[in-house]
Amino acid sequence: MARYTHGQHPTVTTSYLWRDAENSAAYALDEIRPGRSLLDVGCGPGSITADLARRVAPGRVTAVDNSAEAVEQARAGAEEAGVANIDFLVGDVHDLDLPDDTFDVVHAHQVLQHVGDPVRALAEMGRVAGPGGVVAACDSDYSAMHWYPRLPELDSWMDLYQSMARLNGGEPDAGRHLLAWAHAAGFGEVSYAAEVWNHSAPDRRSWWGGMWARRILESAMGRDAVRKGYATEEELAEISAGWRRWSEHPDAVFVIPRGAILCRVPG
């Protein structure tokens, strides 16, 4: 089983809270309709989950994550937002403790890049989706990310992330593999979409660069890199400073390409 590279440090989990269904699951919104049942796999802190639940109400959402800490954060966030149609559980996408043919929609956002066997995970998601339902998954592609100016510290960040993600059993370039994984999992009817996140507006680059400047120093990725000999504290400090330099540059851009699949379950 793969280990989650980012960990559950607040620099990680709070950075996810800007995500919602519109900016993170636009490719699947036509399938997320009132009255449908939905499973959100790898719910994390739950901002997308809560938005999905609002959209399918009075249908219900089941949110699952393999981190009990993440599940509790998602539960608290839903309660605070007044979203009551979500059930929460801790579980592994490779072996979901859920019956066959249960959900109209099974959704996973930024999950398959972190699992040990994405094909098995997709097959398991298909197992719990009901006839005529869909499995929807979206993942970023790290090697396809691009930014300007091309600071060497950000190149070092990318090299380090690729090393740590693969060391942990993940596939950081998952976005380009999704269609192949879906076919290998047995899905016959699959559509592929390409989406992007754009962190190039002044407010977005200030937030994105500042977040990574802290995250590389404080989150599990940085700590593990030092402990396992992939970086030194001084190298992490240089990467952090590079992120701050990037965020302050008036011409800075950062674009994250993302692949997305909709897999139709035979009816």
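Just above, that's the structure.
Keep in mind that what you see is a predicted model, and the values were worked out from it rather than measured.

(A) Structural context of helix α9 (residues 220-227). Looking at α9, one finds that the buried residues are A220, M221, G222, D224 and A225. Taken together, the buried residues of α9 touch α6 (152-167), α8 (202-218) and α10 (233-248). Taken from the residues just after α9, G229 is the one with a positive phi, measuring 80°.

(B) Layout of the environment of E171. Relative to the assigned elements, E171 resides in the loop between α6 and α7 (178-184). Given a relative accessible area of 17%, E171 falls into the buried group. Between the C-alpha atoms of E171 and R227, which are 56 residues apart in sequence, the distance is 21 Å. When residues no more than four places from it in sequence are discounted, the contact partners of E171 are Q113, R166, H177 and W181. Polar side-chain contacts of E171 include one of 3.0 Å to the side chain of R166.

(C) Region of interest: unusual backbone geometry. Geometrically, the link from A57 to P58 is a cis peptide bond, its omega value of 10° lying close to zero. Mapped onto the secondary structure, P58 falls in the loop between α3 (47-56) and β2 (61-65). Note that the residue after Y148, namely P149, is joined by a cis bond; omega there is -5°. For P149, the location among the structural elements is in the loop between β6 (146-148) and α6. In this model, D101 sits at a positive phi of 55°, which is unusual for a non-glycine residue. On the secondary structure map, D101 appears in the loop between β3 (86-90) and β4 (103-109). You will see that Q110, though not glycine, has its phi angle at about 55°, which is positive. Within the secondary structure layout, Q110 lies in the loop between β4 and α5 (118-128).

(D) Quick look at the side chain of R19. Structurally, R19 is set in the loop between α1 (10-13) and α2 (21-24). Beyond its immediate stretch of four places on either side in the chain, R19 contacts S24, S47, I48, H109, Q110 and W197.

(E) The pattern of salt bridges, seen in detail. Tallying each qualifying case throughout the model produces 18 salt bridges. R264 is the salt-bridge partner of E31, the closest N and O atoms lying 2.7 Å from each other. On the criterion of sequence distance, the pair formed by E31 in the loop between α2 and β1 (38-41) and R264 in strand β8 (residues 253-264) is long-range, its members being 233 residues apart. A relative accessible area of 27% places R264 in the partly exposed class. Between R127 and D100 there is a salt bridge, with its nearest N and O atoms 2.6 Å apart. With a gap of 27 residues between them, R127 in helix α5 and D100 in the loop between β3 and β4 connect regions that are remote in the sequence. Given the relative accessible area of 46%, D100 is considered partly exposed. A single network of salt bridges, built from pairs that share partners, joins E22, D51, R54 and R55.

About the thresholds
Residues numbered from 1 in each chain as written. Predicted model: local features only at pLDDT ≥ 70, side-chain atom pairs only at ≥ 80, totals over all residues. Heavy atoms only, no water. Buried < 20%, exposed > 50% of the residue type's maximum accessible area, 1.4 Å probe, protein only. Helix = DSSP H or I, 4+ residues; strand = E, 2+ residues; numbered from the N terminus. Contact = heavy atoms within 4.5 Å. Polar contact = N/O pair within 3.5 Å; in protein donor to acceptor, adjacent residues only side chain to side chain. Salt bridge = Lys/Arg side-chain N within 4 Å of Asp/Glu carboxyl O.

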